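# An overview of the molecular structure
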Amino acid sequence: MEYTKRTAAVLRRPSVLTIALSGGVVALLVGIITVVMTLNAEARFRQQALLSNNIILTLERIHLGAVTAETSQRGYLIHGNKEYLQFYNEGTRELRDNIDEFERMLHGRATSSQIEQTERLRAMAEVKLSELDEVMTLYNNGEREAAFDVFQSGRGLRAMNGIRDIIDLLEREEEGIL
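A brief report on the enclosed structure follows. Each chain has its residues counted from 1, running along the sequence as written. Where totals are concerned, whole chains, interfaces and linings use all residues; where local detail is concerned, this predicted model gives features only for residues with pLDDT of at least 70, and gives and counts side-chain atom pairs only at 80 or more. With hydrogens and water stripped out, all remaining heavy atoms of the structure feed into the side-chain values.

### A few points about a nonpolar patch on the surface
What counts here: For patches, a residue must show more than 30% relative accessible area and have no salt bridge; joins then use 9 Å for like charges and 5 Å for nonpolar side chains, namely Val, Leu, Ile, Met, Phe, Trp and Tyr. What sets the accessible areas is the Shrake-Rupley method with a 1.4 Å probe; for residues, cover comes only from the shown protein chains. Salt bridge, as used here: a side-chain nitrogen of Lys or Arg that lies within 4 Å of a carboxyl oxygen of Asp or Glu. Starting at the N terminus, helices and strands are each numbered in turn, a helix being any DSSP run of H or I of at least four residues and a strand any DSSP run of E of at least two.
Together, Val 25, Leu 28, Leu 29, Ile 32 and Val 36 make up a nonpolar patch on the protein surface, roughly 450 Å² of accessible area in all. Mapped onto the secondary structure, Val 25 falls in helix 2 (residues 16–79).

The structure is reproduced here in structure tokens:
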């Protein structure tokens, strides 16, 4: 009877092989969890990188819209060619539309600085668009000298410089988020 109790006790004790296999299974599970967590983190980073890239591209389209409107206006004022008006209208529309798109992209994820700078960007764009519109209205009403006075006042240049500065700040902030 003593022999059977001893045999039963030995059988209940885990063998070295069982312990080694259990350790291997635990290590494998830890490895799998680590890989899954790493892949999830990488997917989140990729998603943020794509969003940040789209945000920066939208900021560049805002700038391009302002530049297109401004240079088309200059072409129209210098040459009087109405073909420039198509590009002028496209530029002003793109400027407004891309600011709207930029705000949609930031919705629910914007920092307080991005909110503040976006408000400043919209206000500065409206100053620029107002100046462009005033010059165009004066010019089209035959008040060319008054149009050139507004054009040469520097108000539009200050607005464009403000737009550029704000876009640079927003781009740097977005790059910092990555």
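Still more ground to cover, so stick around.
### With respect to the pattern of salt bridges
For the record, the criterion: Under the scheme applied here, a residue whose accessible area is under 20% of the maximum for its type counts as buried, over 50% as exposed, and between as partly exposed, the area being computed with a 1.4 Å probe on protein chains only.
For the structure on display, the rule yields 11 salt bridges. Glu 94 is paired through a salt bridge with Arg 93; the nearest N and O atoms lie 3.8 Å apart. When its relative accessible area of 43% is taken as the criterion, Arg 93 is described as partly exposed. Close ionic contact of Glu 126 with Arg 96 constitutes a salt bridge, the shortest N to O distance being 3.7 Å. Pair noted here: Glu 126 is in helix 4 (residues 112–140) and Arg 96 is in helix 3 (residues 83–106), with a separation of 30 residues, a long-range link. Exposure remark for Arg 96: the relative accessible area of 38% places this residue in the partly exposed category. One salt-bridge network, in which partners are shared between bridges, spans Glu 70, Arg 74, Lys 128 and Glu 131.

### Here we look at the nonpolar core
It is characteristic of soluble globular proteins that their nonpolar side chains tend to be buried jointly. Using the following cut-off: In these notes, a set of buried Ala, Val, Leu, Ile, Met, Phe, Trp, Tyr and Cys residues joined through side-chain atoms within 4.5 Å is what counts as a nonpolar core. In what follows, a contact means two residues having at least one pair of non-hydrogen atoms within 4.5 Å.
Core analysis: the biggest nonpolar cluster contains 28 residues, and Leu 59, Ile 62, Leu 95, Phe 102, Leu 121 and Ile 163 have the highest contact counts within it. Every element with two or more residues in this core is listed here: helix 2, helix 3, helix 4, helix 5 (144–152) and helix 6 (155–177). Top contributing element to this core by residue count: helix 4, with 8 residues. Not counting the four nearest positions on each side in its chain, Leu 59 is found in contact with Phe 102, Leu 121, Ile 167, Leu 170 and Glu 171.

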